[in-house]
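The chain contents come next:
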Amino acid sequence: MITIRPSNQRGSANFGWLDTRHSFSFSNYYDPQHMGFGSLRVINEDKISPGQGFGTHGHRDMEIVTYVLQGVLEHRDSLGNGSIIRPGDVQRMSAGTGIMHSEFNASETEPVHLLQIWLLPATTGIDPGYEQIYIDPTEKRGRLRLVGSQDGRDGSVTIHQDVNLYSAVLDNGDQVSHTLAEDRIAWLQVAQGSLELNGQALTAGDGAAIQDLQDLTLVSPARETEFLLFDMAAHPSSVKPG
């Protein structure tokens, strides 16, 4: 079964410096029908104005993945990490017992466009941690590239939950397939472009919850379609947000 979450039905807020869309309930947006999916708790699509951002704030017991689509994002945290996140980078921050961080658009002239993803961890109270990798665009073109996993295999970031996170960039006519193992579910998030999932059309910002289905076929009818695919345990060990 495929259940599409249309882009225009997401929660939204515009603060001038931040234009954001929420696939699931977040902050002042509450929808009891969309509280998350499996271990996936948050997918926010953020556009941040030049020189603006989120001041220092805290998290705990959450796996936070940042995926930049356009522009540059500056990250600083209480572990002493400071980095610039660009398209092609994947950042994972484990909040664990508690972490403070800030995120700012590192450009004074161009906006930054990103996806911020929160996953409930399998275990509470782990040590906070940080990891950032770069994936060459050729590794995602025309194929599913593993960018996050529980064991950090194949050069992916380590996510402390039973999830395999894939990224792909498809051109017009490109097709990829994926098979879900028994007792697995998936979430598809279209970041840019348009996509057909088992014949169902999706466009940028759309998401799709996939359950009781094993064989997935993804075809791009347009150039430069970019998407994320979360392959997750149907019944994960998880905790409530701290």
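In what follows, the accompanying structure is described. In this text the structure is predicted, and so the values were computed from the model without any measurement.

**Examining the overall build of the protein chain**
Within the protein chain, the secondary structure is distributed over zero helices and 22 strands. Taken over C-alpha atoms, the radius of gyration comes to 17 Å for the protein chain, in line with the 18 Å a tight globule of 242 residues would show. Once the C-alpha set of the protein chain is aligned to its principal axes, its extents read approximately 45 × 40 × 35 Å. Burial analysis of the protein chain (242 residues in total) assigns 51% to the buried set. Sequence-distant contacts, at least 24 apart, represent 71% of the contacts inside the protein chain between residues at least 6 apart. Surface summary for the protein chain: the accessible area is close to 10400 Å², and the carbon and sulfur share equals 45%.

**A word on the sheet that holds strand β21 (residues 215-219)**
Overall, antiparallel pairing links the four strands, which are arranged β16-β21-β18-β19 in an open sheet. In this open sheet, the two strands that pair with only one neighbour each are β16 (175-179) and β19 (200-203). Taken pair by pair, the neighbouring strands of this sheet meet at an average axis angle of 25 degrees, ignoring direction. Bridge analysis of strand β18 (residues 194-197) against β19 gives four bridges, and the strand direction is antiparallel.

**Re the pattern of salt bridges**
Charged atoms that come close allow side chains of opposite charge to pair. In total, this model carries eleven salt bridges according to the counting rule given. A salt bridge links Arg-92 to Glu-131, with the shortest nitrogen-to-oxygen separation between them at 2.8 Å. Of this pair, Arg-92 sits in strand β9 (residues 89-94) while Glu-131 sits in strand β12 (residues 129-134); the two residues are 39 residues apart in sequence, bridging distant segments of the chain. Residue class for Arg-92 comes out buried when judged on its relative accessible area of 7%. One continuous salt-bridge network, built from bridges that share partners, spans Arg-141, Asp-171 and Glu-224.

**Some details on the sheet that holds strand β8 (residues 82-85)**
Picture the strands of a sheet paired through backbone hydrogen bonds; they go either parallel or antiparallel. Spatial ordering of the open sheet is given by β5-β10-β7-β8, a layout of four strands whose pairing is antiparallel. At either margin of the open sheet sits one strand with a lone partner, and together these are β5 (53-59) and β8. Averaged over all neighbouring strand pairs, the angle between strand axes comes to 20 degrees, with direction disregarded.

**Digging into the pairing of β9**
Counting buried positions over the six residues of β9 gives six, a clear majority of the element. Judged by which residues are buried, β9 turns out to be covered on both faces: Asp-89, Gln-91 and Met-93 on one side and Val-90, Arg-92 and Ser-94 on the other are all buried. Strand direction decides the pairing type here: strand β6 (residues 63-70) and β9, joined by five bridges, are antiparallel. Within β9, the residue paired with Ile-64 across the bridge is Met-93. The pairing of β9 with β12 spans six bridges and is classified as antiparallel.

**Describing the pairing of β8**
Judged by which residues are buried, β8 turns out to be one-sided: Ser-83 and Ile-85 face inward and are buried, whereas Gly-82 and Ile-84, on the alternate face, are not. Judged from the four bridges that link them, strand β7 (residues 73-77) and β8 form a sheet pairing that is antiparallel. If you follow Arg-76 over to β8, its bridge partner there is Gly-82. Between β7 and β8, which pair antiparallel and follow one another directly, the connecting turn spans four residues, one of which, Gly-80, has a positive phi of 95 degrees.

**Here's the deal with the side chain of Asn-164**
Counting through the fold element by element, Asn-164 comes out in strand β15 (residues 163-170). A polar contact is formed between the side chain of Asn-164 and the side chain of Arg-153, at a distance of 3.1 Å. When sequence neighbours within four positions are dropped, the list of residues in contact with Asn-164 reads Leu-146, Gly-148, Ser-149, Arg-153, Arg-184, Leu-229, Phe-230 and Asp-231.

**A short note on unusual backbone geometry**
Although it is not a glycine, Asp-183 sits at a positive phi angle of roughly 65 degrees. For Asp-183, the position within the fold is in the loop between β16 and β17 (184-192). Its identity as a non-glycine residue notwithstanding, Glu-224 has a phi of 55 degrees, on the positive side. The residue Glu-224 is located in the loop between β21 and β22 (225-233) in this model.

Reading the values: rules and limits
- Residues numbered from 1 in each chain as written.
- Predicted model: local features only at pLDDT ≥ 70, side-chain atom pairs only at ≥ 80, totals over all residues.
- Heavy atoms only, no water.
- Helix = DSSP H or I, 4+ residues; strand = E, 2+ residues; numbered from the N terminus.
- Rg over C-alpha atoms; globule rule 2.2 N^0.38 Å.
- Buried < 20%, exposed > 50% of the residue type's maximum accessible area, 1.4 Å probe, protein only.
- Contact = heavy atoms within 4.5 Å.
- Areas by Shrake-Rupley, 256 points an atom, 1.4 Å probe, with all protein chains shown as cover.
- Pairing = 2+ DSSP bridges.
- Axes fitted to C-alpha atoms, helices over the stretch in contact; angles between N-to-C directions.
- Salt bridge = Lys/Arg side-chain N within 4 Å of Asp/Glu carboxyl O.
- Polar contact = N/O pair within 3.5 Å; in protein donor to acceptor, adjacent residues only side chain to side chain.

Spatial relationships are all this shows, so hold off on functional conclusions.
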